[in-house]
Amino acid sequence: MLLTLFESHTHFFLSMFQKMILTKIISNTLSLHKKQLIEWLPAVRYFSSPTNPLVNVDVNDKSGIAVVTMNRKPVNGLSLELFEAMSKALDDLENNRIRGAILTSSCPTVFSAGLDLNELYQPDKKRFKAFWTTFQDVWLKLYGSSFPTAAAINGHAPAGGCFLAISCEYRVMCPDYKIGLNETRLGIIAPIFLRASMRNTVSNREAEKALTLGTLYSTEDALKIGLIDEIAIYKVKAIERCENFLAQFNNVSSIARSFTKRSLRQKDLEELENCREEDFNIFWSNLIEPSVQKQIGDYMQSLKKK
Ligand SMILES: CCCCCCCCCC/C=C\CC(=O)SCCNC(=O)CCNC(=O)[C@H](O)C(C)(C)COP(=O)(O)OP(=O)(O)OC[C@H]1O[C@@H](n2cnc3c(N)ncnc32)[C@H](O)[C@@H]1OP(=O)(O)O
């Protein structure tokens, strides 16, 4: 923009040649300063986020790595309020140029049980619209973040729980839990953005099998198909391994890294950005089908009986 302004204002006074030289000097200076500024900023803008009871953000001053802990007991059911808190936390992290983020859970045996079924059962259209839009926002911000991300999966991660983990760039999971996208088993069709994250994590063939069968994998099987990257015995160790993964970026230009990530994920992000309303309409019309509502109601009952 500066260059455009400069060009338009000097139009009457300078020859073409003079303009070209000056434009080149300004452009070089700006890009040099921009690079230096961006490389510098991470060291000076770490922050302490105001505490939200649903999402705790803890930034390590030295490493610049944030641990983002979901805290909605008993199972981190993804409600509108939890999505809103995550969306806000992701904005704060983005604006404060942290070095990396690790997503984890305060529930002892559950990373996240996925979407809160209460949001899907007998839904109010206005609230569901806000819920779905915030769900989309969280995915766009997490999957498209400029900072590197990892998930320390310290418990079960079915459906939406798995979706959060696979939107990150690296996953470390504790043993003896289950992870996967079991939507088809619930009669639900996985939305496009969820399919994109899965395809970005495992091979196309594994993604097709996993999504159509709705398989929930054990930690060990998840490692075999590449759904997770490492196994760690406890949550603390899982966080440590995630930190090690993120620390590798200390030797990489943050600008080069974030542009590369963005360009690899751009197509998936645009696919949702271009059809957010349509995506909502498809889910809303499916969701209110009496047969789907009955299925969700029965499923909720079966969870309670258990
Ligand atoms: C055709 C189109 C339809 C359109 C629909 C749109 C949606 C598409 C979007 C797709 C994306 C994601 C989909 C989802 O995420 S749907 C949610 C799927 N989740 C699950 O199947 C997980 C269900 N939960 C479990 O399997 C287990 O709870 C657990 C996570 C393995 C933990 O087991 P646990 O023994 O430790 O705990 P448990 O006793 O089962 O649960 C404790 C209480 O929590 C309640 N609860 C569990 N999960 C949920 C949930 N997802 N939402 C709300 N409540 C949940 C459970 O009922 C217990 O309650 P209570 O204490 O008995 O009252």
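Here the structure is shown first, and the text comes after it.
Note on numbering: residues in each chain are counted from 1, in written sequence order. Local features in this predicted model are restricted to residues of pLDDT 70 or higher, and side-chain atom pairs are both shown and tallied only at a pLDDT of 80 or more, whereas totals for entire chains, interfaces and linings draw on every residue. Excluded from the side-chain calculation are hydrogens and water; included are all heavy atoms of the structure.

Caption draft 1: How the structure looks around empty space enclosed by the protein. Any residue with an atom within 4 Å of a point lines the site, the site being either a cavity, points on a 1 Å grid over the protein atoms alone where a 1.4 Å probe fits but cannot get out, or a pocket, an open set with protein on both sides within 12 Å along at least 5 of 7 lines. Grid points are joined across faces, edges and corners, and a volume is the space filled by probe spheres set on the points. Under the defined criterion, the tally for this structure stands at one cavity of 30 Å³ or more. Space inside the largest cavity adds up to approximately 100 Å³. We count a stretch as a helix when DSSP gives it H or I for four or more residues in a row; a strand needs E for two or more, and each element gets its number in order from the N terminus. For the lining of the largest cavity, the elements supplying multiple residues, two or more each, are helix 3 (80–95), strand 3 (100–105), helix 5 (125–143) and strand 4 (149–153). If you tally residues by element for the lining of the largest cavity, the top one is helix 3, at four residues.

Caption draft 2: Geometry of the packing of helix 5 against helix 6 (residues 160–167). Every axis corresponds to a line fitted to the C-alpha atoms, with the helix fit spanning only the stretch in contact, and the corresponding angles, defined between N-to-C directions, vary from 0 to 180 degrees. Relative orientation of the contacting elements helix 5 and helix 6 amounts to 30 degrees, with a least axis distance of 9 Å. Our classification of the angle between helix 5 and helix 6 gives roughly parallel. Together, F135, V138, W139, L142 and Y143 of helix 5 and F163, L164 and S167 of helix 6 make up the contact between the two elements. The classification used treats Ala, Val, Leu, Ile, Met, Phe, Trp, Tyr, Cys and Pro as nonpolar, Asp, Glu, Lys and Arg as charged, and all other residues, Gly among them, as polar. Of the residues assigned to the contact of helix 5 with helix 6, the class counts are seven nonpolar, one polar and no charged. Note that the term roughly parallel is reserved for angles under 35 degrees, roughly antiparallel for angles over 145, roughly perpendicular for angles of 65 to 115, and oblique for everything else. Contact definition: two residues touch when any of their heavy atoms are within 4.5 Å.

Caption draft 3: Focus on the sheet that holds strand 8 (residues 217–218). What the three strands build is an open sheet, ordered 5-7-8; its pairing is mixed. Each end of this open sheet is capped by a strand with a single partner; those strands are strand 5 (157–158) and strand 8. By this definition, two strands are paired if DSSP reports at least two bridges between them. As paired strands, strand 5 and strand 7 (residues 178–180) are joined by two bridges and run parallel to one another. Considered in strand 7, the bridge of P158 is made with G180.

These results come straight from atomic positions and should not be treated as a statement about function.
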